[in-house]
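Here's the letter readout for the chains.
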Amino acid sequence: MSDRSISIVPRISVFPDKEKKAGEIVKWLISLNVVNSIPTHCLLGREDGFAVAEGAKLVVEESQYLPFNIDTCGLEIITQRNVFHTGEYAMDCLICPCCKTDIVNESWDFLGEWYSVLSDEITCPACSIRSDIHSFSFFPQWGFSDLGFTFWNWPSFKREFLNEFSNKLNVEIDVVYTHV
């Protein structure tokens, strides 16, 4: 079995006071019993995360698929600038907000400027107009921020939970489905 994840990513490149907000979100998820309060080795990497807890059954669409019986089953908190991509799901299209051109088959060098923290804008290779990275349309969805919450091997979340998550962050979110 391969691993997959769902990342909840604020639609803002630089989240103000991101460590404090990450802590608030973790406390909220612990209070709902969505994740366990003690970090454990439940992620793909060497880092510890917050393992799935019984309350997660109330926030996902298909609770029978929650990963209570596998090692990689936790919440990973990312607080560094990151491209939250779809992994093996690839990208079907990428639309410029200005010229409406699908630039998915262009060179992706334009993402380097965002990732290197040089700018929150990228230049469309078709029309050469600079726009905020969040104004481009990615299909399937990608996320771009220095804050993100990645849930490893969880089923899809209920819309109400995602809305509440967005409210807690006080910003719109992108939900990114990844397969590795």
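Residues numbered from 1 in each chain as written. Predicted model: local features only at pLDDT ≥ 70, side-chain atom pairs only at ≥ 80, totals over all residues. Heavy atoms only, no water.

### What about the pattern of salt bridges?
Pairing is possible between side chains that carry opposite charge, provided their charged atoms lie close to one another.
So, step 1. Counting across every chain of the model gives seven salt bridges.
So, step 2. With a closest N to O distance of 3.0 Å, Glu24 and Lys21 form a salt bridge. Placement of both Glu24 and Lys21 in helix H1 (residues 18-31) is noted, with a separation of three residues, approximately one turn of the helix.
So, step 3. The exposure class of Glu24 is partly exposed, given its relative accessible area of 35%.
So, step 4. On the basis of relative accessibility, which here comes to 16%, the residue Lys21 falls in the buried class.
So, step 5. Note that Arg130 and Glu113 form a salt bridge whose closest N and O atoms lie 3.1 Å from each other. Taken as a pair, Arg130 in strand E7 (residues 130-132) and Glu113 in helix H2 (residues 110-115) lie far apart in primary sequence, 17 residues in all.
So, step 6. Of the residues examined, Glu113 reaches a relative accessible area of 30% and is grouped as partly exposed.
So, step 7. Salt bridges linked by common partners bring Glu113, Glu121 and Arg130 together as one network. (Salt bridge = Lys/Arg side-chain N within 4 Å of Asp/Glu carboxyl O. Helix = DSSP H or I, 4+ residues; strand = E, 2+ residues; numbered from the N terminus. Buried < 20%, exposed > 50% of the residue type's maximum accessible area, 1.4 Å probe, protein only.)

### Thoughts on the side chain of Thr178
So, step 1. Mapped onto the elements, Thr178 comes out in strand E11 (residues 173-179).
So, step 2. From its side chain, Thr178 meets the backbone oxygen of His85 in a polar contact 2.6 Å long.
So, step 3. Those residues in contact with Thr178, other than ones at most four positions away along the chain, are Asp3, Arg4, Ser5, His85, Thr86, Gly87 and Tyr89. (Polar contact = N/O pair within 3.5 Å; in protein donor to acceptor, adjacent residues only side chain to side chain. Contact = heavy atoms within 4.5 Å.)

### A closer look at the packing of aromatic side chains
So, step 1. For the structure shown, the criterion picks out 13 aromatic pairs.
So, step 2. One aromatic cluster in this structure is built from Trp28, Phe149, Phe151, Trp154, Phe157, Phe161 and Phe165.
So, step 3. Sitting over the ring of Trp114, Arg81 keeps its end group 4.0 Å from the ring centre. (Phe/Tyr/Trp six-rings, centres within 6.5 Å; stacked < 30°, edge-to-face > 60°. Lys NZ or Arg CZ within 6 Å of the ring centre and 35° of its normal.)

### Some points on the pairing of strand E10 (residues 148-152)
So, step 1. The element E10 is extensively covered by neighbouring structure, given that five of its five residues are classed as buried.
So, step 2. Burial along E10 is two-sided: the residues Gly148, Thr150 and Trp152 and Phe149 and Phe151 are all buried.
So, step 3. Judged from the four bridges that link them, strand E1 (residues 4-10) and E10 form a sheet pairing that is antiparallel. Note on E10: the bridge partner recorded for Ile6 is Phe151.
So, step 4. Across four bridges, the pairing between strand E3 (residues 74-78) and E10 is antiparallel. When the sheet's bridge partners are listed, Glu76 is paired in E10 with Thr150. (Pairing = 2+ DSSP bridges.)

### Let's talk about the nonpolar core
Nonpolar side chains in soluble globular proteins tend to be buried together.
So, step 1. Leu29, Phe149, Phe151, Trp154, Phe157 and Phe165 are the most contacted members of the largest nonpolar core, which totals 33 residues.
So, step 2. When contributions to this core are tallied by element, the ones reaching two or more residues are E1, H1, strand E2 (50-51), E10, helix H3 (159-169) and E11.
So, step 3. Ranked by residues supplied to this core, first place goes to H1 with five residues.
So, step 4. Apart from the residues lying within four places of it in its own chain, the contact partners of Phe151 are Arg4, Ser5, Ile6, Ile8, Leu29, Gly74, Leu75, Phe157 and Phe165.
So, step 5. Leu94, Trp114, Cys124 and Phe138 belong to the second-largest nonpolar core, a separate cluster that totals 16 residues. (Core = buried A, V, L, I, M, F, W, Y, C linked by side-chain atoms within 4.5 Å.)

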